[in-house]
Amino acid sequence: MKLKLFIFSLLLIATSTIQGQTEVKITFGTPPEWAPANRVETQYYYLPDIDAYYDVPSARFIYIKNGKWIRATSLPYRYRNYNLRGGNIIYLTDYRGTSPYKFHKNHKIKYPKKAHSTKVYVVKKEKKEKGKKNPKKEKNKKD
């Protein structure tokens, strides 16, 4: 009995002093062939021209059909002539979850449809650095 208690105590001490390292790497899947060359790792794209999303890991489009958000491997028939390579793409790098359309109203206002434009936007969280002055403001003060 004492031997079991002694061995248990040694194991407890040994496991409490062991420090482990864990590496977490998030991969979002392969971007589609129609994504721009300057691809950014992200889970979702917002396509404002057709008011839809693209889920990179599952390779599915997310769009509204009969008032509900649908996931499908292809776009609906009404977009049969839409050129994905020539459309606007917004990389939503600031969202993690399964329903990017929760912020659809914000996305629709912030990234409206733009006729004949091929701009790509990357949405990132802004980081404020304390103690740094804005060089543009400093330049304007000197002028």
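What comes next concerns the included structure. Since the structure is predicted, the reported quantities are computational estimates derived from the model, not experimental observations.

**Comments concerning the pattern of salt bridges**
At step 1: All told, the structure shown has two salt bridges when counted by the stated rule.
At step 2: Note that Lys108 and Asp51 form a salt bridge whose closest N and O atoms lie 3.6 Å from each other. Of this pair, Lys108 sits in helix H2 (residues 104-110) while Asp51 sits in the loop between strand E1 (44-47) and strand E2 (52-55), and the two are 57 residues apart along the sequence.
At step 3: Accessibility expressed as a relative area gives 13% for Asp51, which makes it buried.
At step 4: A salt bridge links Arg71 to Asp55, with the shortest nitrogen-to-oxygen separation between them at 2.9 Å. Separated by 16 residues along the polypeptide, Arg71 in strand E4 (residues 68-72) and Asp55 in strand E2 bring together distant segments of the chain.
At step 5: Its relative accessible area of 6% is what places Asp55 among the buried residues.

**Some details on unusual backbone geometry**
As a rule of thumb, non-glycine residues mostly have phi less than zero, and peptide bonds are mostly trans rather than cis.
At step 1: In this structure, Asp51 is a non-glycine residue whose phi angle is positive, near 55°.
At step 2: In this structure, Asn66 takes a positive phi of about 55° despite not being glycine.
At step 3: Among the secondary structure elements, Asn66 is positioned in the loop between strand E3 (60-65) and E4.
At step 4: Judged by relative accessible area, Asn66 falls into the exposed class, the value being 75%.

**Quick look at the pairing of E3**
At step 1: With three bridges joining them, E2 and E3 adopt antiparallel strand pairing. Note that in E3 the partner of Asp55 across the bridge is Arg60.
At step 2: Sheet topology places E3 next to E4; five bridges connect them, and they run antiparallel. Paired with Lys65 across the bridge in E4 is Lys68.
At step 3: Remark: two residues form the turn of the hairpin made by E3 and E4, two consecutive strands paired antiparallel; Asn66 in that turn has positive phi of roughly 55°.

**Overview of the side chain of Thr42**
At step 1: Here Thr42 is to be found in the loop between helix H1 (2-17) and E1.
At step 2: Reaching out from Thr42, the side chain makes a polar contact with the backbone oxygen of Tyr44 at a distance of 3.5 Å.
At step 3: Among the polar contacts listed, one links the side chain of Thr42 to the backbone oxygen of Leu92, at a separation of 2.9 Å.

**Structural notes on the nonpolar core**
At step 1: Counting residues in each nonpolar core, the largest one holds 16 residues, and the members touching the most others are Trp34, Tyr45, Leu47 and Phe61.
At step 2: Put simply, the parts of the chain that give this core at least two residues each are E1, E2, E3 and strand E5 (89-92).
At step 3: In contact with Tyr45, not counting residues within four places along its chain, are Pro31, Pro32, Trp34, Ala35, Ala52, Tyr53, Tyr54, Val56, Ile89, Ile90 and Tyr91.
At step 4: If you look at the next biggest cluster of nonpolar residues, it comprises eight residues, including Tyr53, Ile62, Ile90 and Tyr95.

**Structural notes on the packing of aromatic side chains**
At step 1: In total, this model carries 11 aromatic pairs according to the counting rule given.
At step 2: With centroids separated by 4.9 Å and ring planes inclined at 10°, the aromatic side chains of Trp69 and Tyr101 adopt a geometry described as stacked. Note that Trp69 is positioned in strand E4 and Tyr101 in the loop between E5 and H2, a separation of 32 residues in sequence.
At step 3: Joined through ring pairs, the aromatic side chains of Trp34, Tyr45, Tyr54, Phe61 and Tyr91 make up one cluster.

Rules and cut-offs
Residue positions within a chain follow its written sequence, with the count starting from 1. Restriction of local features to residues with pLDDT of at least 70 applies here, the model being predicted, together with a cutoff of 80 or more for giving and counting side-chain atom pairs; totals for whole chains, interfaces and linings are based on all residues. Water and hydrogen atoms play no part in the side-chain values, which are based on all heavy atoms of the structure. By salt bridge we mean one thing: a side-chain nitrogen of Lys or Arg within 4 Å of a carboxyl oxygen of Asp or Glu. In this description a helix means any DSSP run of H or I spanning at least four residues, a strand means any run of E spanning at least two, and both kinds are numbered starting from the N terminus. Exposure classes here rest on a 1.4 Å probe applied to the protein chains alone. A residue is buried below 20% of its type maximum, exposed above 50%, and partly exposed in between. Pairs of strands are assigned from DSSP output, requiring at least two bridges between the strands. As used in this structure description, the phrase polar contact means that two N or O atoms lie within 3.5 Å; if the pair is within protein, one of them must be able to donate a hydrogen and the other to accept it, and residues adjacent in sequence are counted only when both atoms belong to side chains. To form a nonpolar core, buried Ala, Val, Leu, Ile, Met, Phe, Trp, Tyr and Cys residues must be joined to one another through side-chain atoms within 4.5 Å. Contacts are assigned to residue pairs with any non-hydrogen atoms lying within 4.5 Å of each other. Classification of ring pairs rests on two measures: the distance between centres of Phe, Tyr or Trp rings, Trp counted by its six-membered ring, which must be within 6.5 Å, and the angle between planes, read as stacked under 30 degrees, edge-to-face over 60 and tilted in between.

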